[in-house]
Amino acid sequence: MDLTYSAEHQAFRREVLVFLEAHHHAAPKGGGAAQRPSAEAVAWQKLLIAHGYAARTIPKAYGGYGAAPDILKSRIIGEEFARAGVPPGLQSQGISMLVPTLLELGTEDQKRQWIGPTIHGEVIWCQGYSEPGSGSDLASLQTRATEDGDDFVINGQKIWTSTAREADMIFCLVRTEPDKGKHDGISYLIFSMKTPGIEVRPLVTMTGHAEFNETFFTDVRVPKSQIVGKRGQGWFVANATLKHERGMLGDPGQLESRFLALAELMRTETAGDGRIMDNPILRDRLLRLQAELAAMKFNGLRVLSASANGGDAGLARLIVKLQACELAHQISALAIDALGELGVLYESSPHLRAHGGWQQAYMFQLGLIIGGGTAQIQKNIIAERGLGMPREPKLATDGGRL
Amino acid sequence: MDFGLSSEQRMLQDAVTRYLSEQSPLGHVRDIAAAATPYSPDVATGLADLGVPGVIIPAEFGGMGLGLMEAALVAEALGFSVAPVHFAGAHVMAPLAILLGGSDSQQRAWLPKLASGAARAAVAVSQAVEGRDGVGVVARDGWLDGTALFVLDAADADLFVVADTTGALHLVAADAPGLTQIPLTTIDKTRSVGELRMTGVKADPLPGGGGRTTRRIIDAGRIMLAADILGAGTAMIEQAVAYAGTRVQFGRPIGSFQAVKHMCAEMAAALEPCRSLVWYAAHAFDHAPDESTLMACHAKSHLSEVGRFVARTSTEVHGGMGFTDLAGLHYWFKRIGLDRQLLGGPELVRNEAARVQGWIAV
């Protein structure tokens, strides 16, 4: 156990601090990660890439900074940006999922065409995976792509396509070989959202906002060259990106800032005769969450150390999505309970606390528990891959496609 | 930067685990549990040959001179095997009290014997954790009077480290006139807990044994109990997974049913981050003193909660068999039950954690 950083990493941290001191005023105000970035945010992203604080390990040839992978340096950047309250580089499904996929499996042309504009925030992507009939059982997806000359012609429907309204492009799973087994007949296509035949309908969730969309395809023509990986290998290609998505959903840094906001709320807000913190029951719940948070934070360090040393933390990694999403939800739940009647206020009500963010988070985080692989799917993964437990026997259904 | 164990640390833990699997199998645990005293001198001797009693005692006194991290790894191995021997009190809290608070002559008199296993020390500090009416040891003019409950590692002790009502620590020899020892029977037949009654017992105060030393040894003890739960919980999950893989009902292993599989996944998901929490708490005890009490509180309270969940759930995965003495799973269940209550249950400990952070008045 050595929690000190090497001289090289300490020097790197100083570089980051110097950069932040010199440039923090240029950072965009406000988040809005899911929308099309403002001109200010695009300029900030360009500056970050130039200094290696975004797209750090993307090769220079594709518009990145071109540094060798160093997980500790990435962590130092994350830590110091968070501590300074300065927004990090752009975060989007294009950057976190499509770019790593292209780097791993794309053609040279695809890499040159798409990676640079994507990491610079010029091209926005959405993800076309889930369908109304294919959620947890994603591989059963039915959106069809049939051959017609040099094109695929796509018909079907996707759901949970966040940013579909803003997106320029989509990375999409379609069935190209309906006669093959369900995992073997899928292909991964990338195409423009302006292609004729695409209709996007906003999907309003329990939060009252349309964070997602439904996307319909009617005779959408896509050149066959816009496939990533080989025909019929889409399932393999998609799994390369799902791995990246699940990594995104368990960031202990975000959990910690939510927890600190909750502790601050309980120290400053009064209810009844005193501060909320003086209520022993609510305080006990707070401390319970703090211990869990500490466990997840150190678990994160363990996972990080393992991969920095070229290993894999196994079970410690597999449990992150399940545990972190649940913990985030519980932090919001306690904030609502601590606020008592004030906890129900929403939107732009008088007496609102934290801009209604606790209720918004409580609801949205339930979505995160379900999305990106439901809690139940996560438990299957933990049990089968982490603990080596037997799989569910397969039933002979689905027209023999198993 | 490396958040993990060194190869030396792994070797130490593996050596203890291997020794216990060979020399203290469940059959031996059953024999000890059925005997009058819940303590195995044979296993204690074998562990002494590995250096376990001296794990945190400096080399100048004949110990291994290691840190609380290594002690936590040993505690985890003992919990994993429900080893019927002393540890948290005898080999961590007592030597630590003498190291931090003892005079030169007290250290020279006791530490070498404790390190070799030639003498054993027990710890009576329960009153400093949670006061109780009619209990407490009063020090007056060099004499001790009163009662101490929940004395850790009481069986076969030669020496007691006793906290008085002010939190100051004293050494009391087991054969001191005026001292009566009474064993307490607990749910856990693998550890020894006792009561001391004192009438005019000559006190030998630790000159540096004030509140701060008492605080430190309680922190250390809590981390050891948390590590013990980690080991016991790990063993319970392993047993549940193994049983679910072989037990067949409705024509298939019950582990292939999601209802059962998810119970195992929930146990693993809850316990796995606890490993990092225990590691960090032990690391902070030696290297980050500002965080040490808070992290000891978090480790103790969180492991107690997760331990209870794992103990109950693993038993349920075993179905009716888990409830029987045939499976023997209850030894782990009770081990976790004892660890949870000793040195403060989770609610008490969490309240301390709030005080440590200044969230409520001290």
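Residues numbered from 1 in each chain as written. Chains lettered and ligands numbered in written order. Predicted model: local features only at pLDDT ≥ 70, side-chain atom pairs only at ≥ 80, totals over all residues.

Caption draft 1: Just the overall build of chain A, in detail. Within chain A, the secondary structure is distributed over 12 helices and 10 strands. Relative to the globule expectation of 21 Å for 402 residues, the C-alpha radius of gyration of chain A, 23 Å, shows essentially globular dimensions. If one aligns the C-alpha atoms of chain A with their principal axes, the spans along those axes are about 75 × 50 × 45 Å. Counting contacts in chain A only where the partners sit at least 6 residues apart, residues at least 24 apart contribute 69% of the total. (Helix = DSSP H or I, 4+ residues; strand = E, 2+ residues; numbered from the N terminus. Rg over C-alpha atoms; globule rule 2.2 N^0.38 Å. Contact = placed C-beta atoms within 7 Å.)

Caption draft 2: Up close: the overall build of chain B. Summing up its helical and strand segments, chain B has 12 helices and 10 strands in all. For a compact globule of 362 residues, the expected C-alpha radius of gyration is about 21 Å, and chain B comes in at 20 Å, within 12% of that figure. Along the first, second and third principal axes, the C-alpha set of chain B runs to 75 × 45 × 45 Å. Looking at the 362 residues of chain B, the share that counts as buried comes to 57%. Excluding contacts between residues fewer than 6 apart, the proportion of contacts in chain B whose partners are at least 24 apart in sequence is 75%. (Buried ≥ 20, exposed ≤ 12 C-beta atoms within 10 Å, placed from the backbone.)

Caption draft 3: Structural view of the confidence of the model for chain B. Residues at a pLDDT of 70 or more form 100% of chain B, whose mean pLDDT is 97. Taken over the whole predicted complex, pTM reads 0.94, whereas the ipTM for its chain interfaces reads 0.97. (pLDDT = per-residue confidence, 0-100.)

Caption draft 4: The arrangement of the packing of helix H1 (residues 7–23) of chain A against helix H3 (residues 71–84) of chain A in detail. All names here are of chain A. One way to put it is that H1 packs onto H3 with a least axis distance of 10 Å and a crossing angle of 35°. Of the two possible hands of crossing, H1 and H3 adopt the one that is right-handed. Two secondary-structure elements touch here, H1 through His9, Phe12, Arg13, Val16, Leu17 and Leu20 and H3 through Leu72, Lys73, Ile76, Ile77, Glu80 and Ala84. A class-by-class count of the residues in the contact of H1 with H3 yields 8 nonpolar, 1 polar and 3 charged. (Axes fitted to C-alpha atoms, helices over the stretch in contact; angles between N-to-C directions. Left-handed = near helix turned anticlockwise from the far one by under 90°. Nonpolar A, V, L, I, M, F, W, Y, C, P; charged D, E, K, R; others polar.)

Caption draft 5: Spotlight on the interface of chain A and chain B. Taken together, the contact pairs 43 residues of chain A with 37 residues of chain B. Looking at the side of chain A that touches chain B element by element, the count peaks at 16 residues for helix H8 (residues 280–308) of chain A. Looking at side-chain class alone, the side of chain A that touches chain B contains 23 nonpolar, 9 polar and 11 charged residues.

Caption draft 6: Here's a closer look at the nonpolar core. The biggest cluster of nonpolar side chains holds 171 residues, and the ones touching the most others in it are Ile223, Cys264, Val278 and Ala281 of chain B. Residues contacting Ala281 of chain B, with those up to four places away along its chain left out, are Ile223, Ala226, Met295, Ala296, His298 and Ala299 of chain B. (Core = buried A, V, L, I, M, F, W, Y, C linked by C-beta atoms within 7 Å.)

Caption draft 7: Region of interest: helix H10 (residues 320–339) of chain A. Residue and element names in this part refer to chain A. With 20 residues, H10 should cover 28 Å at 1.5 Å per step; its first-to-last C-alpha distance of 29 Å lies within 8% of that length. Across the 20 residues that make up H10, a large majority, 14, are buried. Backbone geometry just downstream of H10 places Gly340 in the positive-phi region, at approximately 60°. (Expected span 1.5 Å × (residues − 1).)

Caption draft 8: Up close: the packing of helix H9 (residues 258–287) of chain B against helix H10 (residues 289–317) of chain B. All names here are of chain B. Here H9 crosses H10 at 160°, and the two axes come no closer than 9 Å. Taken together, H9 and H10 sit at an angle that is classed as roughly antiparallel. The handedness of the crossing between H9 and H10 comes out as left-handed. (Parallel < 35°, antiparallel > 145°, perpendicular 65-115°, else oblique.)

Caption draft 9: Helix H3 (residues 41–49) of chain B, seen in detail. All names here are of chain B. Of all the positions in H3, only Val43, Ala44 and Leu47 are classed as buried. One side of H3 carries all its buried residues, which in axial view fall inside an arc of 100°. Away from its buried face, by an angle of more than 90 degrees, H3 presents the exposed residues Thr45 and Asp49. Where H3 terminates, the next one or two residues include Gly51, which has phi positive at roughly 95°. (Arc of directions from axis to C-beta.)

Caption draft 10: Representation of the pairing of strand S2 (residues 136–140) of chain B in the model. All names here are of chain B. Covered by surrounding structure in S2 are Val137 and Ala139 only, the residues Gly136, Val138 and Arg140 on the alternate face being uncovered. Bridge count between S2 and strand S3 (residues 143–152): 5 bridges; the pairing is antiparallel. Within S3, the residue paired with Val137 across the bridge is Gly146. In this structure, the hairpin formed by S2 and S3 is closed by a connection of 2 residues, where Asp141 is found at a positive phi of approximately 50°. (Pairing = 2+ DSSP bridges.)

Caption draft 11: Representation of the pairing of strand S7 (residues 212–223) of chain A within the structure. Residue and element names in this part refer to chain A. Looking at chain direction, strand S3 (residues 151–159) and S7 are connected through 8 bridges and run antiparallel. Residue pairing for S7: Phe152 is matched across the bridge by Val222. Of the strand pairs in this sheet, strand S6 (residues 198–203) and S7 are connected by 6 bridges, and their pairing is antiparallel. Residue pairing across strands places Pro202 opposite Asn213, the latter belonging to S7.

Caption draft 12: Here's a closer look at unusual backbone geometry. All names here are of chain A. The residue Trp160 is not glycine, and still its phi comes out positive at about 65°. Given 23 C-beta atoms within 10 Å, Trp160 falls into the buried group. Unusually for a residue other than glycine, Glu347 sits at a positive phi of about 55°. Relative to the elements of secondary structure, Glu347 occurs in the loop between H10 and helix H11 (357–370). Looking at Glu347, the number of C-beta atoms within 10 Å reads 10, which means it is exposed.

Caption draft 13: Fine view of the environment of Ser21 of chain B. Mapping Ser21 of chain B onto the fold places it in helix H1 (residues 7–23). Between the C-alpha atom of Ser21 of chain B and that of Ala83 of chain B, which follows or precedes it by 62 residues, the distance is 9.5 Å.

Caption draft 14: Spatial organisation of the environment of Ala238 of chain A. Residues and elements named next belong to chain A. Take Ala238: it is sitting in helix H6 (residues 234–248). With 24 C-beta atoms counted inside 10 Å, the residue Ala238 sits in the buried group. For the pair Ala238 and Gly128, spaced 110 residues apart in sequence, the C-alpha separation works out to 10 Å. Look past the residues within four positions of Ala238 in its chain and what remains in contact with it is Tyr129, Leu173 and Tyr188.

Caption draft 15: Summary view of the environment of Leu66 of chain B. Residue and element names in this part refer to chain B. As for its placement among the helices and strands, Leu66 is situated in the loop between H3 and helix H4 (68–80). With 21 C-beta atoms counted inside 10 Å, the residue Leu66 sits in the buried group. A C-alpha to C-alpha distance of 26 Å links Leu66 and Ala163, two positions 97 residues apart in sequence.

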